[in-house]
Amino acid sequence: MPLLLALPCSSQHSVIALDYIKTVSIRKAAPSFQQPVDSKPTASKRKKKEEQLTEAMISKLQKTFRPVLAVRELHKSALKVLKRPAPDDTVTASFGKFISEVKPQHLSSVVLHRSKRMVLDSIGVGVIGSTTDVFELALQHCQHMYAPDDISSVYGRRGTRLSPTLAAFVNGVATHSMDFDDTWHPATHPSGAVLPAVLALSEMMSANSKPSGMDFLLAFNIGIEIQGRLMRFSNEAHNIPKRFHPPSVVGTMGSAAFGPGTVSPAQVQDILLRVPKSKYINRPFPESEHEARHSFQFNACSALLDGEVTVQSFTPAALRRPDLLALLSRVRMEHPQDNPANFNSMYGEVQVSLVGGDILKGHCDTFYGHWRNPLTNESLRKKFRNNAGAVLPSEKVEMLIDVVEELDRLGDCRALLALLQ
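Bear in mind the structure is a predicted one, so any value in this text is a computation, not a measurement.

What about the packing of aromatic side chains?
Per the counting criterion, the structure on display carries two aromatic pairs. With 5.9 Å between their ring centres and 45° between their planes, F180 and F314 make a pair best called tilted. Of this pair, F180 sits in the loop between α7 (164–176) and α8 (190–204) while F314 is found in the loop between α12 (296–306) and α13 (316–319), placing the two residues 134 residues apart along the sequence. You can call F314 buried: its relative accessible area is 3%. Among the aromatic residues, those joined into a ring-pair cluster are F180, F298 and F314.

The following block contains the structure:
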């Protein structure tokens, strides 16, 4: 058996042949019970018979293993001459080199400003995401299926702690559960994957070795940078006609709908949406919050009715409003040839035909919040207050805004961690 285990995988088919040859060799070498034999063989005859049998088996085995061993040696030779890329030429090595060499001083003032905005926004959508059913399921699963490990805190659950791995997981679920987290080009939701991990690991560290605010931001930015570099390898990150990701288009749709302003359903005869073709977000009558958040029609009609689209726009009561249902029944869509499913060049257009014959139009190719048209600090804080304020008391919300703004100047990040507990 040890000899068989030493065979290369490509030669394992010889094992069956070896067993067969061994059996045949034994049968041929051994005396047949049907042949007359000496009833009292001498010791010398028995010894001679055993030697003959052994020699026959060895001869068969040598003939069997000779080609197998030759192939194995050839395999070894091939491995010796195989050219491997130099360590510095590999993608993994280049990433490792970047991670190990980047320092806080490499973070420009622009990077610090933008990353603090991302941290604040991600905390806000994570906190309100802790009110969703999917977050509750993820949290219960982690609490019931794994042994308690009270280290890292959980969004929206005072006193609840999990292992760093599980806390990062459930907080990541919370951040993306309502699909209100940040996105970028190439398409991904960067902060929701990185920030929960950085927070969980920071809480794991002892009180006298917490990372400084600058080190915290450095770790966050490294995660964002690696994520962006990996996304650049994707052939589908720029144009995704079959699996088109909705946040950019839905945001564009809502922005375009703001153009005509709010209207009364009784005044509306027809609503035309000119949008990229995307089956995933073509939901004429959404039946759930998730469907509503990913619906061309719902976002446009909500913007027309209310002048804005907020978290409250997707509550069950908002979905069943008679005025909203009346508008949804009058929506039709077109997919112009010059409006491709491309994150960088798509647009949204709304045309509202009124009963009296007037036509209102709105067009948007760079929605508010797009990287070419980012939210102002005032708008970002308004979004944070609306999200975090749904769970946290107002004084803690304001303290979080101040702490994140000062994060790069804090000696350690304990102030931030304490406000999230």
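So that's the structure; there's more coming.
Considerations on the pattern of salt bridges
Applying the stated criterion across every chain yields a total of 18 salt bridges. Two residues, R274 and E349, come together in a salt bridge whose shortest N-O distance is 2.7 Å. One end of the pair, R274, is in strand β3 (residues 268–274); the other, E349, is in strand β5 (residues 348–354), with 75 residues separating them in the sequence. Comparing R274 with E349, the two get one shared label, buried. In this structure, E289 engages R293 in a salt bridge whose closest nitrogen and oxygen atoms are separated by 3.6 Å. Remark: R293 and E289 occur in helix α11 (residues 289–293); sequence separation between them is four residues, near one turn of the helix. Residue E289 is classed as partly exposed on the basis of its relative accessible area of 33%. Classification of R293 as buried rests on a relative accessible area of 11%. If you follow the salt bridges from partner to partner, you end up with K116, R381, E405, E406, D408 and R409 in one network.

Some details on the packing of helix α5 (residues 109–129) against α8
As a packed pair, α5 and α8 sit with axes 10 Å apart at the nearest point and diverge in direction by 85°. Here α8 runs roughly perpendicular to α5, going by the angle between their axes. Along its contact with α5, which presents M118, V119, S122 and I123, the element α8 presents P190, S191, G192 and L195. When grouped by side-chain class, the residues that make up the contact of α5 with α8 number five nonpolar, three polar and no charged.

Quick word on the environment of E291
Relative to the helices and strands, E291 is located in helix α11. Considered as a pair, E291 and Y280 are eleven residues apart in the sequence and their alpha carbons are 9.4 Å apart. Contacts of E291, omitting those with residues within four sequence positions, involve R283, F285 and P286.

Observations concerning empty space enclosed by the protein
Regions of empty space are outlined by a rolling probe, equal in size to a water molecule, passed over the atoms. By the definition in use, this model includes two cavities of 30 Å³ or more. Of the volumes computed, that of the largest cavity is approximately 90 Å³. As for the largest cavity, its lining consists of S152, S153, V154, Y155, A167, N171, P196, L199, A200, E203, L417 and L420. No other element matches the four residues that α8 contributes to the lining of the largest cavity. In the lining of the largest cavity, the residues fall into eight nonpolar, three polar and one charged.

With respect to the nonpolar core
Grouped together as the largest cluster of nonpolar side chains are 48 residues, with contacts concentrated most on I123 and L416. At the level of elements, α5, α6 (133–145), α7, α8, α9 (213–231), α15 (377–388), α16 (394–405) and α17 (414–419) are the ones that each hand at least two residues to this core. Ranked by residue count, the leading element in this core is α9, at eight residues. Setting aside residues no more than four positions away along its own chain, L416 makes contact with I123, L199, F216, L400, V403, V404 and L407.

Comments concerning α12
Burial runs high along α12: ten of the eleven residues are buried. Those residues of α12 that sit buried are F296, Q297, F298, N299, A300, C301, S302, A303, L304 and L305. Sitting at the head of α12, S295 places a side-chain oxygen 3.3 Å from the backbone nitrogen of Q297.

Description of the sheet that holds strand β4 (residues 331–334)
Judged by pairing direction, the sheet is mixed, and its four strands sit side by side in the order β4-β3-β5-β6 without closing on themselves. Each edge of the sheet is formed by a strand with only one pairing partner; in this case those strands are β4 and β6 (359–364). Neighbouring strand axes in the sheet, compared pairwise and without regard to direction, differ in orientation by 15° on average. With four bridges joining them, β3 and β4 adopt parallel strand pairing. Considered in β4, the bridge of I271 is made with V331. Sheet strands in contact with α12 are β3, β4 and β5, and its direction is about 130° off that of β3.

Observations concerning the pairing of strand β2 (residues 157–162)
Pairing of strand β1 (residues 152–154) with β2 involves three bridges; the strand directions are antiparallel. Pairing of S152 across the sheet is with L162, part of β2. The antiparallel pairing of β1 with β2 creates a hairpin that spans two residues between the two strands, and G156 there sits at a positive phi of about 70°.

Observations concerning the pairing of β5
Extensive coverage of β5 is indicated by the burial of seven of its seven residues. Across the two faces of β5 the burial is the same, with G348, V350, V352 and L354 and E349, Q351 and S353 all buried. Where β3 lies against β5, six bridges are found, and the strand directions are antiparallel. Its bridge partner lying in β5, D270 is registered against S353. The sheet contact formed by β5 and β6 spans six bridges and is antiparallel. When the bridges of β6 are listed, S353 appears paired with I359.

Calculation criteria
- Every chain begins its residue count from 1, and numbering advances along the sequence as written.
- Where local features are concerned, this predicted model is filtered to residues with pLDDT of at least 70; where side-chain atom pairs are given and counted, the filter is 80 or more; whole-chain, interface and lining totals use all residues.
- In computing side-chain values, all of the structure's heavy atoms are included and hydrogens and water are not.
- Stacked, tilted and edge-to-face pairs are distinguished by plane angle, under 30 degrees for stacked and over 60 for edge-to-face with tilted covering the rest, among Phe, Tyr and Trp rings (Trp via its six-membered ring) whose centres lie within 6.5 Å.
- For the purposes of this entry, the term helix denotes a DSSP run of H or I that reaches at least four residues, the term strand denotes a run of E that reaches at least two, and both are numbered from the N terminus.
- A 1.4 Å probe rolled over the protein chains alone gives each residue an accessible area, and that area as a share of the maximum for its type sets the label: buried under 20%, exposed over 50%, partly exposed in between.
- By definition here, a salt bridge exists when the distance from a side-chain nitrogen of Lys or Arg to a carboxyl oxygen of Asp or Glu is within 4 Å.
- Angles run from 0 to 180 degrees between N-to-C directions of axes, and those axes are lines fitted to C-alpha atoms, restricted for helices to the stretch in contact.
- An angle counts as roughly parallel when it lies under 35 degrees, as roughly antiparallel when it exceeds 145, as roughly perpendicular when it falls between 65 and 115, and as oblique in every other case.
- The contact criterion used throughout is that any non-hydrogen atoms of two residues lie within 4.5 Å.
- Any residue that is not Ala, Val, Leu, Ile, Met, Phe, Trp, Tyr, Cys, Pro, Asp, Glu, Lys or Arg is counted as polar, Gly included; the first ten are nonpolar and the last four charged.
- The distinction between a cavity and a pocket rests on a 1 Å grid over the protein atoms alone: a 1.4 Å probe fits inside a cavity but cannot get out, while a pocket stays open yet meets protein on both sides within 12 Å along at least five of seven lines, and a residue with an atom within 4 Å of a point counts as lining.
- Grid points are joined across faces, edges and corners, and a volume is the space filled by probe spheres set on the points.
- Residues enter a nonpolar core if they are buried and are Ala, Val, Leu, Ile, Met, Phe, Trp, Tyr or Cys, with the set joined through side-chain atoms within 4.5 Å.
- Pairs of N or O atoms within 3.5 Å make up the polar contacts considered here, provided that, within protein, one atom can donate a hydrogen while the other can accept it, and that residues adjacent in sequence are counted only when both atoms are side-chain atoms.
- Two strands pair under a simple rule: DSSP has to find at least two bridges between them.

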